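An overview of the molecular structure
Here is how the chains run, residue by residue.
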Amino acid sequence: IDAAQTVGVFITNRYIDKASGQGAAGANDNCKFEFDYALRQKGVESIIVLVMEPRCRNSKKWTGTVGGKLANLLHIDLSKDGAPFEDGVQRLAMEIRAISGTSMSVTPEPATASGAPHPQRRRAPETAAAEPLPTTRKVASLSVEEVCIVLANLGLGKYEAGFRALPVSGAVLATVDDADLREAGMDAGMHRKALLHHIKEFQAGGVPLE
């Protein structure tokens, strides 16, 4: 942790309990020690949240220290196999580059005595052209949970229940109109107008990464 520029936290129900001191080992749990130490040494801004179980997608249900510290962060969903998982891995790589300010490449080590090479992840040489760091995400790539986080950040968190019930993902949000927002439970016309304005901004410039 001391030498790391970013720390990944893999969210499962069991990890939430253990890292919050609610597991069998209580406050002496190694997961709790590592989580607390990472927060103390690196801060929340250096943590990447990775959801590993479908039942953990709703961050409002995260309890203890994990919920208190990480529930409001955008998270990467790795709980689905196939294309969603691959998309999550790509997002993870982007987040690592954004936080660490480096690009990563896979380069082979010299072959062993048996002739088998050992691929190893290394930092790209400093002389290599730096990749531009992402500062936004496409609105259509947001999960339902991330859409709800965006609502909360815009001061529209009271409408989260309606958006979850439909549900409204980023792909849906990018295409909504005034009538759709009414259906989602957004009864205040000014709120609908404000959100539609923000959606246009997100479509033009992306959703800012925080």
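For the structure, see preceding data.
Quick caveat, the model's predicted, so the values are computed rather than measured. (Residues numbered from 1 in each chain as written. Predicted model: local features only at pLDDT ≥ 70, side-chain atom pairs only at ≥ 80, totals over all residues. Heavy atoms only, no water.)

A look at the overall build of the protein
Of the regular secondary structure elements, the protein holds nine helices and seven strands. Burial analysis of the protein (210 residues in total) assigns 32% to the buried set. Pairs at least 24 residues apart make up 62% of the contacts formed inside the protein by residues separated by at least 6 positions. Accessible area for the protein stands at about 12,200 Å²; split by element, carbon and sulfur atoms hold 54% of it. (Helix = DSSP H or I, 4+ residues; strand = E, 2+ residues; numbered from the N terminus. Buried < 20%, exposed > 50% of the residue type's maximum accessible area, 1.4 Å probe, protein only. Contact = heavy atoms within 4.5 Å. Areas by Shrake-Rupley, 256 points an atom, 1.4 Å probe, with all protein chains shown as cover.)

Quick word on the pairing of strand S2 (residues 47-51)
With five of its five residues buried, S2 lies for the most part within the structure. Every second residue of S2 is oriented toward a common face, with Ile 47, Val 49 and Val 51 on one face and Ile 48 and Leu 50 on the other, all of them buried. The pairing of strand S1 (residues 7-11) with S2 spans five bridges and is parallel. Residue pairing in the sheet places Val 7 in a bridge with Ile 47 of S2. Two elements, S2 and strand S3 (residues 76-77), share two bridges in a ladder whose sense is parallel. (Pairing = 2+ DSSP bridges.)

These results come straight from atomic positions and should not be treated as a statement about function.
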